[in-house]
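Chain and residue survey
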Amino acid sequence: DVKVTQSSRYLVKRTGEKVFLECVQDMDHENMFWYRQDPGLGLRLIYFSYDVKMKEKGDIPEGYSVSREKKERFSLILESASTNQTSMYLCASSPPEENTEAFFGQGTRLTVV
Amino acid sequence: AQSVTQPDIHITVSEGASLELRCNYSYGATPYLFWYVQSPGQGLQLLLKYFSGDTLVQGIKGFEAEFKRSQSSFNLRKPSVHWSDAAEYFCAVGPRAGNNRKLIWGLGTSLAVNP
């Protein structure tokens, strides 16, 4: 089975802190994604990576950056956390081919105080 | 504009009753279609997907969905709901020549199941 693992289920950080959310997948997928999920807003794509060191901005990249130094690992970075970044963050991966679905991690609930 | 609409924000059904969750989309061409489920505090799990062929697709946990091109719909159904089906359900569509990069998500339907 494909496994996408997010390093933390719950995080509490202070305003202004630099925050790292880590995601690892074990299926050698080229594509990896970071979403945030908020009530009433659904899933919104923050960043997408289609290969090592390659990334594309999603729909809401402001306030975030990403790093993909190894194929299996995709990190989301909040340079200076703010309270409006309190949210559920979901990582996903998928193969590059068509006719495939995305596989999701269990999510990280981030609270910025 | 491309969009996915799940008209029902919340649905409550009794255990053993049938279920239908609606999904309508607006898209330039026939897309790929997905239904995902999210249990409380968890990530998303794929229930089923439609790419081509038979428009009635079977998924996990006894779910099925029917693609109706003329109605731009991809409704999810289950004949008899179990208490463990209480969760959030998301419909998503994506381009045929894509890599999940441009998935468009519905806002979800929250399902509650009464004993």
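Calculation rules
Residues numbered from 1 in each chain as written. Chains lettered and ligands numbered in written order. Predicted model: local features only at pLDDT ≥ 70, side-chain atom pairs only at ≥ 80, totals over all residues. Heavy atoms only, no water. Helix = DSSP H or I, 4+ residues; strand = E, 2+ residues; numbered from the N terminus. Rg over C-alpha atoms; globule rule 2.2 N^0.38 Å. Buried < 20%, exposed > 50% of the residue type's maximum accessible area, 1.4 Å probe, protein only. Contact = heavy atoms within 4.5 Å. Areas by Shrake-Rupley, 256 points an atom, 1.4 Å probe, with all protein chains shown as cover. Lys, Arg positive; Asp, Glu negative; His and termini not counted. Charge placed at Lys NZ, Arg CZ, Asp CG, Glu CD. Core = buried A, V, L, I, M, F, W, Y, C linked by side-chain atoms within 4.5 Å. Pairing = 2+ DSSP bridges. Axes fitted to C-alpha atoms, helices over the stretch in contact; angles between N-to-C directions. Polar contact = N/O pair within 3.5 Å; in protein donor to acceptor, adjacent residues only side chain to side chain. Phe/Tyr/Trp six-rings, centres within 6.5 Å; stacked < 30°, edge-to-face > 60°.

**Description of the overall build of chain A**
Helix and strand content of chain A: zero helices and 11 strands. Secondary structure elements in chain A, listed N-terminal to C-terminal, are β-β-β-β-β-β-β-β-β-β-β. Taking 113 residues into account, the globule formula puts the C-alpha radius of gyration at 13 Å, and chain A, at 13 Å, falls close to it. When its C-alpha atoms are laid out on the principal axes, chain A stretches across 40 × 30 × 25 Å. Counting all 113 residues of chain A, 50% fall into the buried class. Within chain A, residue pairs in contact and separated by at least 24 positions form 54% of the contacts whose partners lie at least 6 positions apart. Surface accessibility of chain A: about 5,400 Å² in total, with carbon and sulfur atoms responsible for 49%. Measuring between centres, the 15 positive side-chain charges of chain A sit 9 Å from its 17 negative side-chain charges.

**Regarding the overall build of chain B**
Scanning chain B for helices and strands turns up zero helices and 12 strands. Ordered by position from the N terminus, the helices and strands of chain B form the series β-β-β-β-β-β-β-β-β-β-β-β. With respect to the principal axes defined by its C-alpha atoms, chain B has extents near 45 × 30 × 20 Å. Across the 115 residues that make up chain B, the buried fraction comes to 46%. When the accessible surface of chain B is summed, it comes to about 5,300 Å², and 50% of that surface belongs to carbon and sulfur atoms. Within chain B, one finds 10 positive and 8 negative side-chain charges whose respective centroids are separated by 11 Å.

**Overview of the nonpolar core**
Residue and element names in this part refer to chain B. Counting 28 residues, the largest nonpolar core has Leu19, Trp35, Leu47, Leu48, Phe74, Leu76 and Tyr89 as its most contacted members. Residue contributions to this core peak at four residues, all from strand S10 (residues 87-94). Beyond its immediate stretch of four places on either side in the chain, Leu48 contacts Leu33, Phe34, Trp35, Val57, Gln58, Gly59, Phe63, Glu64, Ala65, Phe74 and Leu76.

**Describing the sheet that holds strand S1 (residues 4-6) of chain A**
All names here are of chain A. Pairing in this open sheet of four strands is antiparallel, and the strands run S1-S3-S8-S7 from one edge to the other. Edge positions in the sheet fall to S1 and strand S7 (64-70), since each has one partner strand and no second. Across the sheet, the mean angle from the axis of one strand to that of its neighbour is 20 degrees, orientation sign disregarded. Here three bridges tie S1 to strand S3 (residues 19-25), and the two strands are oriented antiparallel to one another. Looking across to S3, one finds that Val4 is bridged to Gln25.

**Let's talk about the pairing of strand S11 (residues 108-112) of chain A**
Residue and element names in this part refer to chain A. Only one face of S11 is buried: it carries Thr108, Leu110 and Val112, and the other face, with Arg109 and Thr111, is open. The pairing of strand S2 (residues 10-13) with S11 spans four bridges and is classified as parallel. When the bridges of S11 are listed, Tyr10 appears paired with Arg109. Summarising the sheet, strand S9 (residues 87-94) and S11 pair through three bridges and their orientation is antiparallel. In the strand pairing of S11, Tyr89 is matched with Thr108.

**Describing the environment of A:Ser93**
Residues and elements named next belong to chain A. Mapped onto the secondary structure, Ser93 falls in strand S9. Separated by 11 residues in the primary sequence, Ser93 and Phe104 have C-alpha atoms spaced 6.7 Å apart. Beyond its immediate stretch of four places on either side in the chain, Ser93 contacts Val4, Gln25, His29, Asn31, Met32, Phe33, Glu101, Ala102 and Phe103. Of the polar contacts made by the side chain of Ser93, one reaches the side chain of His29; its length is 2.8 Å.

**Remarks on the packing of aromatic side chains**
Throughout the structure, instances matching the rule amount to 16 aromatic pairs over all chains. Geometrically, the ring pair formed by B:Phe63 and B:Tyr89 is tilted, given 5.6 Å between the ring centres and 45 degrees between the ring planes. Taken together, the positions of B:Phe63 in the loop between strand S7 (56-58) and strand S8 (64-68) and B:Tyr89 in strand S10 put the pair 26 residues apart, joining distant regions of the chain. In this structure an aromatic cluster arises from ring pairing among A:Phe33, A:Tyr35, A:Phe48, A:Tyr50, A:Phe104, B:Tyr32, B:Phe34, B:Tyr36, B:Phe51, B:Phe90 and B:Trp105.

**So, unusual backbone geometry**
All names here are of chain B. At Lys61, a position not held by glycine, the phi torsion is positive, near 60 degrees. Along the chain, Lys61 falls in the loop between S7 and S8. On the accessibility criterion, Lys61 (42% relative accessible area) is partly exposed. One non-glycine residue, Ser72, lies in positive phi territory at about 50 degrees. Position of Ser72 among the secondary structure elements: in the loop between S8 and strand S9 (73-78).

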